[in-house]
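Chain by chain, the residues:
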Amino acid sequence: MENEVPQSLSLKIIVEKRKNQVVFVESNKDFIDVLFSFMMIPIGTIARFTREHSLGGEIGCLNNLYESIKNFDVEYVQSQKCWDILLHPRSAAEIYCQNLKHNLMENHSNKYYACPSSNCSLLSCYLTPRCRCGEGFKFELSLPIATSVPQMGSGFVKPTVNFMISDDFKVKPMSTMTGISFLMSKLGVADGKTLEQKTVSVGRDELLKLLKCSLTSRTPFSDTFMGSPSTKTFYKISHGKYGPRSTLKATNAANKEKMISLKLIVSESKNKALFAEVKKDFLDLLSSFLTVPLGYVFKEFPFLAFRGCVNNLYQSIENVEVELFESEGVKETLVNPKLAPGLAYNNQLTGIEEAINPSYSTLTSLFLAKRSELSPGSQLVDEVKIGEGLVKGPSVFMVMDNLTVKPLSPFSGISLINDLQIPLGDIGEREVTMGEDEACRLLVASLVSRCALTDTFMLKEPKQEE
């Protein structure tokens, strides 16, 4: 946020000296709140962090997707405002994050907009031409940087609770037996003679590295504070096998109408997708992935096996007793992540819900919000219809297996086939349809795989019973 003073968190880490590896971390509320906020960060924001802070390494196809949307040709875009919103999505949990020692949400997430109607109490996260009630916006509400929220507390957990966090992001309330369990189960250490305690300073750079490493490594604390452990374990990934979804829904007539069709250009001998020929509906869905909070992936796929360990964090939040949170609603926000208000796409095949708009009375009762009248020029913004998607139609695009997006060109397709040294006789075309299950699998693949189309459409798991 503007004028935010950088703060460092002090963290105690317990290290196994011989293996140069973190056994566990002792955390108070300040750090655990920031860690829990990882679940509510939109996927597009994570991609932007990786890009802007030169964190290195690829997170699935996420970097390619973000770069493609960022560098999209303006002639295909519905509006500049819609484009900006997708590249800088807000979070449904940003109110809880206002007073965190490190708030990783968007830097404009302390502003809300209100219309002058006395019959409308809803606020908007985005300055669009009109409120949902039809009136134009007239007021801006700004939340102070360092205000207090005594009615609901600040952050997610209660201030008196301390936690232990294993190197692979398993979180449990502080106890001696938990520490022994972490020591024996993870490192096979029979005594504590090789342990030492260190105090480290955690700033924004360390938090962003932790976030990135939690998506690509099983030892994010060691990677961040100790360098890579001497006995690094690499996990074999079963591509396309993401485990059963937690909320599989029956396909009904309404869902069938929303299905998206596309053509896959494939290598028959390798059973691999090279690229897809897609229309506006597919690209709109793909760009909407940038607005999805990270925790939603692990809510839908609780048994997901991948190189990272941030899924352990989501499962830990589920298992922490509700009494340790500021309220039952706070825990519900974390275990049932939703889109920020105003980000829902009409054909949201992934099934994610949109959070409700905060009300004027709720926000002003929790924060010392400053209300100011918008200048006439600030209201002259592009027409924004997020629900209609990013892309103008009709138009056709190529989406590579790694989710790089390009305008469709037969020559580009042939050049790609030649570069991959695939005989033309081995090239095939498959027409596929994408419903909710395929859309969710593609969302997961964008985060954990570098061959998202192949994993989603070519390496299908056995169909789940409905």
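Before any of the text, the structure's been laid out above.
Colleague: Is there a simple way to explain the overall build of the protein chain in this structure?
Modeller: Each helix and strand counted, the protein chain has 17 helices and 13 strands in total. Counted over contacts in the protein chain with a minimum sequence separation of 6, partners at least 24 positions apart contribute 74%.

Colleague: When you look at the sheet that holds strand β6 (residues 171-173) in this model, what are you seeing that I'm missing?
Modeller: Strand order in this open sheet of five strands is β6-β5-β2-β1-β7, and the pairing throughout is antiparallel. Whereas interior strands pair on both sides, the edge strands pair on one side only; in this sheet they are β6 and β7 (195-202). For this sheet, the mean inter-axis angle between neighbouring strands, taken without regard to orientation, is 30°. As judged from the five bridges shared by strand β1 (residues 9-16) and strand β2 (residues 21-27), these two strands associate in the antiparallel manner. From the neighbouring strand, I13 faces β2, where its bridge partner is V25.

Colleague: Where do I start with the packing of helix α2 (residues 43-52) against helix α3 (residues 62-70) in this structure?
Modeller: How two helices pack is summed up by the angle between their axes together with the distance between the axes. Across the interface, α2 lies against α3 with an axial gap of 9 Å and an inter-helix angle of 95°. Viewed along their axes, α2 and α3 adopt a mutual orientation that is roughly perpendicular. Residues I43, G44, I46, A47, R48, T50 and R51 of α2 form the contact with α3, whose own contacting residues are L62, N63, Y66, E67 and K70. Tallied by class, the residues present in the contact of α2 with α3 amount to five nonpolar, three polar and four charged.

Colleague: Quick question: what am I supposed to make of the environment of N271 here?
Modeller: Tracing the chain through its elements places N271 in the loop between β8 (260-267) and β9 (272-279). Along the primary structure N271 and T454 are separated by 183 residues, whereas in three dimensions their C-alpha atoms are 7.9 Å apart. With residues near it in sequence (within four places) discarded, N271 still touches R430, T454, M458 and L459. Looking at N271, its side chain comes within polar contact range of the main-chain oxygen of M458, at 3.5 Å.

Colleague: Before we go on, may I ask you to explain the pairing of β1 in this structure?
Modeller: Along any regular strand, the residues point their side chains to alternate faces of the sheet. Among the eight residues that make up β1, six are buried, leaving the element largely enclosed by the rest of the structure. Of the strand pairs in this sheet, β1 and β7 are connected by eight bridges, and their pairing is antiparallel. Within β7, the position partnered with I14 by the bridge is Q197. Where β1 folds back onto β2 in an antiparallel hairpin, the turn is made up of four residues, including N20, whose phi is positive at roughly 55°.

Colleague: Looking at this structure, how should I read the sheet that holds β9?
Modeller: Strand pairing in a sheet relies on backbone hydrogen bonds. The paired strands run either parallel or antiparallel. In spatial order, the strands read β12-β11-β9-β8-β13; together these five strands make up an open sheet with antiparallel pairing. Each edge of the open sheet carries a strand with a single partner, namely β12 (405-407) and β13 (427-434). Sheet twist, expressed as the average angle between the axes of neighbouring strands with direction ignored, equals 30°. As paired elements, strand β11 (residues 396-400) and β12 share three bridges and run antiparallel to each other. Its bridge partner being in β12, V399 is matched across the sheet by V405.

Colleague: I tried to follow the packing of aromatic side chains on my own but got confused; where do I start?
Modeller: A ring pair, where both rings are aromatic, is described by two values, the distance of the centres and the angle of the planes. A full pass over the atoms with the stated rule returns 11 aromatic pairs. Between Y76 and F397, the aromatic rings sit 5.1 Å apart at their centres with planes inclined by 70°, giving edge-to-face as the arrangement. A residue pair is termed long-range when its members are at least 10 positions apart, and Y76 in the loop between α3 and α4 (80-87) and F397 in strand β11 qualify at 321 residues. Exposure remark for Y76: the relative accessible area of 21% places this residue in the partly exposed category. F397 sits in the buried class, given a relative accessible area of 1%.

Colleague: Even after reading the chapter, I still don't get the state of the cysteines, so can you show me in this structure?
Modeller: Evaluation of the coordinates by the stated rule reveals zero disulfides. A disulfide-free cysteine, C133 has its sulfur positioned 3.7 Å from the sulfur of C115, the nearest such atom. On the basis of relative accessible area, C133 is assigned to the partly exposed category, the value being 41%.

Colleague: Explain the pattern of salt bridges here, please?
Modeller: Any two side chains of opposite charge can pair if their charged atoms end up close together. Taken as a whole and judged by the stated rule, the model has 16 salt bridges. Of the charged contacts in the structure, one is a salt bridge between R245 and D437, with a shortest N-O distance of 3.8 Å. Here the residue R245 occupies a position in the loop between α8 (220-225) and α9 (253-257), and D437 occupies one in helix α16 (residues 436-448), the gap between them amounting to 192 residues. Overall, the relative accessible area of 6% leaves R245 in the buried class. By sharing partners, the salt bridges in this structure join R245, K299, E300, E436 and D437 into a single network.

Colleague: Just checking my understanding: could you explain the environment of E277 for this structure?
Modeller: Secondary-structure assignment places E277 in strand β9. Between the C-alpha atom of E277 and that of L264, which follows or precedes it by 13 residues, the distance is 6.5 Å. Non-local contacts of E277, meaning those with residues more than four positions away in its chain, are made with L262, K263, I265, F397 and L408.

Colleague: Would you mind going over helix α12 (residues 310-319) with me for this structure?
Modeller: Helical periodicity: at 3.6 residues per turn, an α-helix aligns residues three or four positions apart in one direction. Judged by how many residues are buried, α12 sits mostly within the fold: seven of 10 residues are covered. Those residues of α12 that sit buried are V310, N311, N312, L313, Y314, S316 and I317.

Thresholds, definitions, all that
- Residues numbered from 1 in each chain as written.
- Predicted model: local features only at pLDDT ≥ 70, side-chain atom pairs only at ≥ 80, totals over all residues.
- Heavy atoms only, no water.
- Helix = DSSP H or I, 4+ residues; strand = E, 2+ residues; numbered from the N terminus.
- Contact = heavy atoms within 4.5 Å.
- Pairing = 2+ DSSP bridges.
- Axes fitted to C-alpha atoms, helices over the stretch in contact; angles between N-to-C directions.
- Parallel < 35°, antiparallel > 145°, perpendicular 65-115°, else oblique.
- Nonpolar A, V, L, I, M, F, W, Y, C, P; charged D, E, K, R; others polar.
- Polar contact = N/O pair within 3.5 Å; in protein donor to acceptor, adjacent residues only side chain to side chain.
- Buried < 20%, exposed > 50% of the residue type's maximum accessible area, 1.4 Å probe, protein only.
- Phe/Tyr/Trp six-rings, centres within 6.5 Å; stacked < 30°, edge-to-face > 60°.
- Disulfide = S-S within 2.5 Å.
- Salt bridge = Lys/Arg side-chain N within 4 Å of Asp/Glu carboxyl O.

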